[in-house]
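One-letter residues, chain by chain:
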Amino acid sequence: MNAPLHREIPAGLLDPARALAQVAAQWDADIVTQLSNYIEIPAKSPGFDSQWREHGHIDTVVRQAAAWIEAQKVAGLRLEVIRLPGRTPVLFFEVPACSGTGQANAADSTIHSASGQTVLMYGHLDKQPEFTGWRNDLGPWTPRLQDGKLYGRGGADDGYAVYASIAAIQALKSQQVAHPRIVGLIETCEESGSYDLLPYVDALRSPQNNRLGDVALVICLDSGAGNYDQLWLTTSLRGMAGGVLKVEVLTEGVHSGDASGLVPSSFRIMRQVLDRLEDSTTGHLLPASFHCAVPPERLAQAQATAAILGDQLFKRFPWAHHDCGGSTAFALPTTQDPVQALLNRTWRPTLSVTGAEGLPALADAGNVLRPYTAFKLSLRLPPLVDAATAVQELKRLLEDNAPYQAKVTFDGGGTTGWNAPTTASWFENALQAASQAHFGSPCATIGQGGTIPLMNLLSQGFPKAQMMVCGVLGPHSNAHGPNEFLHVPYAKKLTAAVAHVIAQMAARPMAAA
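Residues numbered from 1 in each chain as written. Predicted model: local features only at pLDDT ≥ 70, side-chain atom pairs only at ≥ 80, totals over all residues. Heavy atoms only, no water.

1. A look at the packing of helix α1 (residues 16-39) against helix α3 (residues 57-72)
Inference 1: Relative orientation of the contacting elements α1 and α3 amounts to 160 degrees, with a least axis distance of 10 Å. Relative to α3, the element α1 is oriented roughly antiparallel. Every pair of crossing elements has a handedness; the one defined by α1 and α3 is right-handed. Contact residues: α1 offers Q26, D30, I31, Q34, N37 and Y38, while α3 offers V61, Q64, W68 and Q72.
Inference 2: For the contact of α1 with α3, the residue count by class is four nonpolar, five polar and one charged. (Axes fitted to C-alpha atoms, helices over the stretch in contact; angles between N-to-C directions. Helix = DSSP H or I, 4+ residues; strand = E, 2+ residues; numbered from the N terminus. Parallel < 35°, antiparallel > 145°, perpendicular 65-115°, else oblique. Left-handed = near helix turned anticlockwise from the far one by under 90°. Contact = heavy atoms within 4.5 Å. Nonpolar A, V, L, I, M, F, W, Y, C, P; charged D, E, K, R; others polar.)

Dropping the structure here:
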């Protein structure tokens, strides 16, 4: 791996070495501690904590982040915690554009951008639930820094984002480098599908008082990385159709010796119903409407990324293993072709069962024919498939003509995925410069299999905006699962890279705006 590049820096441009040194020192002296405090708080997203108001954990992490931002005393920054009735809160901050003289004022909003363009920085503070399987020395709410990794729920997904965003702005301010107007939007409902976010975006974009402004660059720090050796730009996100599928055959459980063979098993009916959706041998989703063509540009990017990552695309997972004739046999991926592996997890629909009800624990499972089986389904959709249409099709497919006239219901919703806009030349140059400066390697691209509801919304609202979707969720970081960690050295470099791109946006020629 090449060393980061160091050259003489023209006056008025960001010195990357100074920026990284400042950012790294801030992470070590302060941000790691802030995130450790954040990890201790079980601020589960409202979809996993219906009593989030009473528990107060979301309010606590919002207050802590707000207090920290105010303590940084960033020149010109205005901060507000916004609370719409019945909604989870959001943090919103504004930093006026700066000419590079160290003075920020409204008049500077025209710097290198005749229309007063804005950078929008996004993150979230709500968390996934605990899950099981944490190492004995770790826990979801017990932060631990070990070998440069900060373990605990939410540090990487996505509590670090607000702290990294402010640190990037401080790096610009400390060198008195010109930057555009910057706003930040930090929500607390992302892990539940961001259903509270649209009302806030509408309020912030009201014709009477458009506080978001003319967004020309979105920086979303809630995504992943193919490795920890270079900057990674996310170019697509899958959508999701999810919900609860329930099959009912009885009003109460009955003796299995008395009823089995006569009363059909709700589990067998569940299998039949799911066979309408998925080929259980291959995992292929059967309805053609759940698929879309892969754009040629994304296919070419997948081929380039596969050449970088190779078999690490599937070797990075914690595969189950067992003894087989004296040798160790491991569970196998669906494919060992790196290109197909990338496409399977980013541009092809996939069904997962993420939870179940109606099945007692093994220790409590008597000889009873159960009255119902319920599965929580997570159907990942290709980026260009409309989620609302898919949910309607899914409901019809699963509920109609139920075997044995069983009561089959599907209740769910969905979020459409996202495909990045064409990359502007200034943005491509800025990404490559940032990656070379801080990682010593070129910026790479990757599609992600997860969903960030805000991105499709922002692409529709700001169709000309460039999208810097990136994050710290690299190999083994295991967001949503046990042993989640934040790779601190990578987070430091990513923070500095964000500052670098913002500075390049301000410095670009007017014709590129």
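There's more to say after this.
2. So, α3
Inference 1: Taking 1.5 Å of rise per residue, 16 residues should cover 22 Å, and α3 covers 23 Å from first to last C-alpha, within 8% of that figure.
Inference 2: Those residues of α3 that sit buried are I58, D59, V61, V62, A65, A66, W68, I69 and Q72.
Inference 3: Considering only its buried residues, α3 is in contact with α1, α2 (52-55), β1 (78-82), β2 (90-95) and α4 (155-174).
Inference 4: Positive backbone phi, approximately 50 degrees, marks K73, located one or two places after α3. (Expected span 1.5 Å × (residues − 1). Buried < 20%, exposed > 50% of the residue type's maximum accessible area, 1.4 Å probe, protein only.)

3. Examining helix α7 (residues 266-275)
Inference 1: All buried positions along α7 are accounted for by S266, I269, M270, V273 and L274. The buried residues of α7 occupy an angular sector of 135 degrees when the element is viewed end-on, so they sit on one face.
Inference 2: Buried residues in α7 make contact with β11 (239-248), β15 (350-357), β17 (372-381) and α11 (387-399).
Inference 3: Sitting at the amino-terminal end of α7 is S265, which places a side-chain oxygen 3.1 Å from the backbone nitrogen of F267. (Arc of directions from axis to C-beta. Polar contact = N/O pair within 3.5 Å; in protein donor to acceptor, adjacent residues only side chain to side chain.)

4. Some details on the sheet that holds strand β10 (residues 232-237)
Inference 1: On the basis of which strands lie adjacent, the open sheet formed by three strands has the order β19-β10-β20 and mixed pairing. Strands with a single pairing partner mark the edges of an open sheet, and in this sheet they are β19 (418-419) and β20 (444-448).
Inference 2: Across two bridges, the pairing between β10 and β19 is antiparallel. Within β19, the position partnered with L237 by the bridge is W418. (Pairing = 2+ DSSP bridges.)

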